[in-house]
Structures are given as structure tokens and as C-alpha cells.
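# Chains, contacts and geometry: an overview
Next come the chains, spelled out residue by residue.
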Amino acid sequence: EGLNQLEVMKRDYDYPATDVVFTSGLKRCKQTAAILYPDKTPIEMRGFEECDFGEFEGHTADELERYEEFSQWLSGGEDARPLNGESNSEFATRVCDCFAKTVDGMIKTGTRSAAIITHGGVMMSILAAFGVPELPMTEWLCPSCCGYTIRITPSLWSAARKFEVINEIPAEPLTAEQEEQLWDYYADV
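## Here we look at the sheet that holds strand E4 (residues 131-132)
Pairing in this open sheet of 3 strands is mixed, and the strands run E4-E6-E5 from one edge to the other. Where the open sheet ends on each side, the last strands, each with one partner, are E4 and strand E5 (147-151). The sheet contact formed by E4 and strand E6 (residues 163-169) spans 2 bridges and is parallel. Considered in E6, the bridge of Val132 is made with Glu164.

Here it is, written out as C-alpha cells:
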């Protein structure tokens, strides 16, 4: 069902072109990358995998209500963790370290564009930690098959470890009139 949804989204909307694709090592991310960027060989990054939910994996919220750890984990404390899983702080540290190393590597190699195909919680963590505007993690929710376009300016990244959040993706294709207005605007800048 998800793959069919993605095929429809790809047909109806524009996803940005990219020089390189990074993915979580999980199957659904690799499948998404293959559909969106069939001409690219994705680079798998374990740091972009979703949280290790330990014994909570595969269970519904109703099934987990009986565990004290579940309500503590939902409260969002840094040390809260699923039974035998990854704590919120361990998850955030892993994800942010992986992202920072990825950006540093892109700047060093002169790579100008990349797509990161990953999980909602990973995107939310990255945007909350590094994004401008600065918003809490819960403000960066996005539906399946969607994400954000960001602009990383090397000087801003070096000075403050921040990037600009430009817009949500996928973007609707521009009409001829909208495209003409953009060209007119940039001609005047």
C-alpha cells in the first residue's frame, strides 16, 4: 500500500533532483529511494535508522499501556527508553552525529545536493536540533512520502551548526504562469 502511495505521489508531485542519496538501512527506506531516485545508488547510513524500540517494537499503544516504561517514554524525558531499547537521548545523539558527519563530508567534497530517505522521528530530531526556524520536535511532523527542503550554508553551518528550512516536499509542479513569475522575480534581483 505504501509503495503504491509513493508511486502516485511521484507521478503527481515534483521531488527535488539530487547529486547523492543517503538512506536508512531499513528496507522501506531503500525501497523509497529506489522509486524516487532509480538512477542513484543510495549510501546506507545506520545513524539514520529509526529508534530501537526494544520490546515495544511491533506492539500497539493499547498493548503497551500496561508498561510503566511506555508512559515514561511517551513523556519525552531524555533518559526515557522502551524496554531494552534506545533512550531518547541516545537516539537524538546518534541521529544528530550522523547528520553532522554527513553535512561535513558533503561540504568537504563539494557535494551540492543530497536526499536523505529516512524515518519521521529521525527527520523530526534533525530539524529540531539544527533547523531554522527553531521549533520543537513535535512541530516537524510530516506525512509519509514527504519531507523538507533545507539549505545548508557552509558559513552558517560552521559557525552555528544550523541550516535553513526552505519548504515542505514534495512540491506541487509549478504552472507555466507561476514559473514565469519566478523568472520575472529573479530577473529583478
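## So, the environment of Cys96
Topologically, Cys96 is positioned in helix H5 (residues 88-109). Look at Cys96 and you get buried, because its relative accessible area is 13%. Residues Cys96 and Val122, spaced 26 residues apart in sequence, show a C-alpha to C-alpha distance of 8.7 Å. Aside from chain neighbours lying at most four places away, what touches Cys96 is Ser125, Ala129 and Phe130.

## Some points on the packing of H5 against helix H6 (residues 120-130)
The contact between H5 and H6 brings their axes to 9 Å, and the two run at 75°. Looking at the two axes, H5 sits roughly perpendicular to H6. Packed against H5, whose contacting residues are Phe91, Val95, Cys96 and Phe99, the element H6 presents Gly121, Val122, Ser125, Ile126, Ala129 and Phe130 at the interface. Residues that form the contact of H5 with H6 fall into these classes: 8 nonpolar, 2 polar and no charged.

## Some details on the side chain of Lys162
Structurally, the position occupied by Lys162 is in the loop between helix H7 (154-160) and E6. Its relative accessible area of 13% is what places Lys162 among the buried residues. Engagement of the side chain of Lys162 in a polar contact is seen with the backbone oxygen of Ala129, the distance being 3.1 Å. Contact partners of Lys162, with chain neighbours within four places excluded, come to Ala129, Phe130, Gly131, Val132, Glu134, Leu156 and Trp157.

## A look at the layout of surface pockets
The space that makes up the second largest pocket amounts to roughly 500 Å³. Asn88, Phe91, Met124, Ser125 and Met137 are the residues nearest the centre of the second largest pocket, which is lined by 18 residues in total. Only helix H4 (68-75), H5 and H6 provide two or more residues apiece to the lining of the second largest pocket. When residues in the lining of the second largest pocket are grouped by element, the largest group, 5 residues, is from H6.

## A few points about the packing of aromatic side chains
Applying the stated criterion to the full structure yields 11 aromatic pairs. Plain terms: the ring middles of Phe56 and Trp73 are 6.2 Å apart, the flat faces sit at 65° to each other, and that makes the pair edge-to-face. Here Phe56, found in the loop between strand E2 (43-44) and helix H3 (61-64), pairs with Trp73, found in helix H4; they are 17 residues apart in sequence, far enough to count as distant. The pair formed by Phe56 and Trp73 is uniform in burial state, with each residue classed as buried. Aromatic ring contacts, followed pair by pair, group Phe53, Phe56, Tyr67, Phe70 and Trp73 into a single cluster.

Definitions and cut-offs
- Residues numbered from 1 in each chain as written.
- Predicted model: local features only at pLDDT ≥ 70, side-chain atom pairs only at ≥ 80, totals over all residues.
- Heavy atoms only, no water.
- Pairing = 2+ DSSP bridges.
- Helix = DSSP H or I, 4+ residues; strand = E, 2+ residues; numbered from the N terminus.
- Buried < 20%, exposed > 50% of the residue type's maximum accessible area, 1.4 Å probe, protein only.
- Contact = heavy atoms within 4.5 Å.
- Axes fitted to C-alpha atoms, helices over the stretch in contact; angles between N-to-C directions.
- Parallel < 35°, antiparallel > 145°, perpendicular 65-115°, else oblique.
- Nonpolar A, V, L, I, M, F, W, Y, C, P; charged D, E, K, R; others polar.
- Polar contact = N/O pair within 3.5 Å; in protein donor to acceptor, adjacent residues only side chain to side chain.
- 1 Å grid on protein atoms, 1.4 Å probe; cavity = no way out; pocket = protein on both sides within 12 Å on 5 of 7 lines; lining within 4 Å.
- Points joined across faces, edges and corners; volume = space filled by probe spheres on them.
- Phe/Tyr/Trp six-rings, centres within 6.5 Å; stacked < 30°, edge-to-face > 60°.

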